[in-house]
Amino acid sequence: MRPRVIAGNWKMHHGPAATRRFFGEFSPRLSDPEATILIFPPAISLPAAAESRGGRPEVSLGIQNIHWEPKGAFTGEHSAAMALAAGARFALVGHSERRHVFGETDAQVERKVAAAIGEGLAPVVCVGETLDERREARVEEVIVRQLDAALLGVPENAKKSVLVAYEPVWAIGTGETATVDDVAEAHGILRRRLKEVRGDGFAQEVAILYGGSVNPENAADLLSVADVDGVLVGGASLDPESFARIAEAC
Ligand code: PGA
């Protein structure tokens, strides 16, 4: 059985003080979630999140991006080991904003996945097509290429420590959600590809999350789709009440 994962990506929102306020309101609202709750605050807010989530061990933390090198002259970057020391147990890798705003490549995604696993962080590998790529019927080609590149960074014995998030770029922050049919098709493609590349045992262990305008109203429907093991929520994870409602939706 794969665990359910409800993840929140705060992007560049909530500094340390806002992070403490968030947990002050979020923790009491969370009754007894069946899912793993995972929050990706800005790196600078990780220590505040680690301190203030107190008493909710089912809430794990992650970093939104890492560098592949362990240290060095990389102004503005964070290593996987630093993220771990600050309380992170997961790392987003290849989020579409990293790919499309900051020019992150498949080759860099591979190195980041390897660095995360090497330091004991579980990478959450994000894949997804743009609107143009969808219109050109290239969804499978794009997400399989992105997945294959990321898997090159995964050592043979690391099966339990990788998660995948399908996030169609056109559905992120737009209020437009993929239909349940679109989601089922993409998740099916990813599960099949995991099996082809790494075998069925590996494929069955990997949680595949859906992301793109998930909110308290649509979360339950999305979570009921075959091969959807969780959701990765951006905007709706910033508000403690809405994120708690999503966490209770599965
Ligand atoms: P959104 O973002 O929920 O605001 O669309 C999702 C994401 O970027 O992970």
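Located above this text is the structure these notes cover.
Numbers given for residues are sequential positions, taken from 1 along each chain in its written order. Only residues with pLDDT of at least 70 are given local features in this predicted model, and only at 80 or more are side-chain atom pairs given and counted; all residues enter the totals for whole chains, interfaces and linings. Side-chain numbers here rest on the full set of heavy atoms in the structure, without hydrogens or water.

J.: I keep staring at the nonpolar core and nothing clicks. Help me out?
T.: For soluble globular proteins, the rule of thumb is that nonpolar side chains tend to be buried together. Think of a nonpolar core as a cluster: buried Ala, Val, Leu, Ile, Met, Phe, Trp, Tyr and Cys residues, connected wherever their side-chain atoms sit within 4.5 Å. When accessible area is computed with a 1.4 Å probe and restricted to protein chains, residues below 20% of their type maximum are described as buried, those above 50% as exposed, and intermediate ones as partly exposed. By size, the foremost hydrophobic cluster in this structure holds 66 residues, and its most contacted members are I6, F23, F26, I39 and Y210. Two residues form a contact once any of their heavy atoms are found within 4.5 Å. Excluding residues that lie within four positions of it along the chain, Y210 makes contacts with Y166, P168, A171, T177, A178, V183, H187, L222, V228, G230, V231 and L232. In this structure, A7, A122, A165 and L232 belong to the second largest nonpolar core, which totals 14 residues.

J.: Before we go on, may I ask you to explain the sheet that holds strand β4 (residues 90-93) in this structure?
T.: In any sheet, the strands associate via hydrogen bonds between backbone groups, in a parallel or an antiparallel arrangement. At least two DSSP bridges between two strands are needed for those strands to be called paired. Counting from the N terminus, the helices are the DSSP runs of H or I reaching at least four residues and the strands are the DSSP runs of E reaching at least two. The strand order around the closed barrel formed by eight strands is β1-β2-β3-β4-β5-β6-β7-β8, and the pairing between neighbours is parallel. Taking each pair of neighbouring strands and ignoring which way they run, the sheet shows an average axis angle of 25 degrees. To get an axis, a line is fitted to the C-alpha atoms, and for a helix only the part in contact is used. The angle between two axes follows their N-to-C directions and goes from 0 to 180 degrees. Across the sheet, helix α11 (residues 240-247) touches β1 (5-9), β2 (36-40) and β8 (230-233), and the angle it forms with β1 is around 160 degrees.

J.: What is the right way to read the packing of aromatic side chains from this model?
T.: In this description, an aromatic ring pair is defined by two values, namely the gap between the centres and the angle between the planes. Stacked, tilted and edge-to-face are the three classes assigned to paired rings of Phe, Tyr and Trp, where Trp is represented by its six-membered ring and a pair needs centres within 6.5 Å; plane angles under 30 degrees give stacked, over 60 edge-to-face, the rest tilted. In the structure shown here, the tally under the stated rule is seven aromatic pairs. Measuring from centroid to centroid gives 6.2 Å for W10 and F23, while their planes differ by 45 degrees, and the two rings are tilted. Here W10 is found in the loop between β1 and α1 (16-29), whereas its partner F23 is found in helix α1, with 13 residues between them in sequence. Each member of the pair, W10 as well as F23, carries the same accessibility label: buried. Considering the side-chain rings of Y166 and Y210, the 6.3 Å spacing of their centres and the 50 degrees angle between planes classify their relative orientation as tilted. Placement of the pair is Y166 in strand β6 (residues 163-166) and Y210 in strand β7 (residues 207-211), with a sequence separation of 44 residues. Comparing Y166 with Y210, the two get one shared label, buried. Over the ring of F102 we find R98; its NZ or CZ atom is 4.2 Å from the centre of that ring. To sit over a ring, a charge needs its Lys NZ or Arg CZ within 6 Å of the ring centre and within 35 degrees of the ring normal. Cation over ring: R198 sits above F202, and NZ or CZ is 5.4 Å from the ring centre.

J.: I would appreciate a short explanation of the pattern of salt bridges in the present structure.
T.: As a working rule, side chains carrying opposite charge can pair if their charged atoms are close by. Take a side-chain nitrogen of Lys or Arg and a carboxyl oxygen of Asp or Glu: if they are within 4 Å of each other, that pair is a salt bridge. In this structure the tally under the stated criterion is 18 salt bridges. A salt bridge links K112 to E104; the shortest N-O distance between them is 2.8 Å. In this pair, the class of K112 matches that of E104, namely buried. Taken together, the shared-partner salt bridges connect R2, R191, D227 and D229 into one network.

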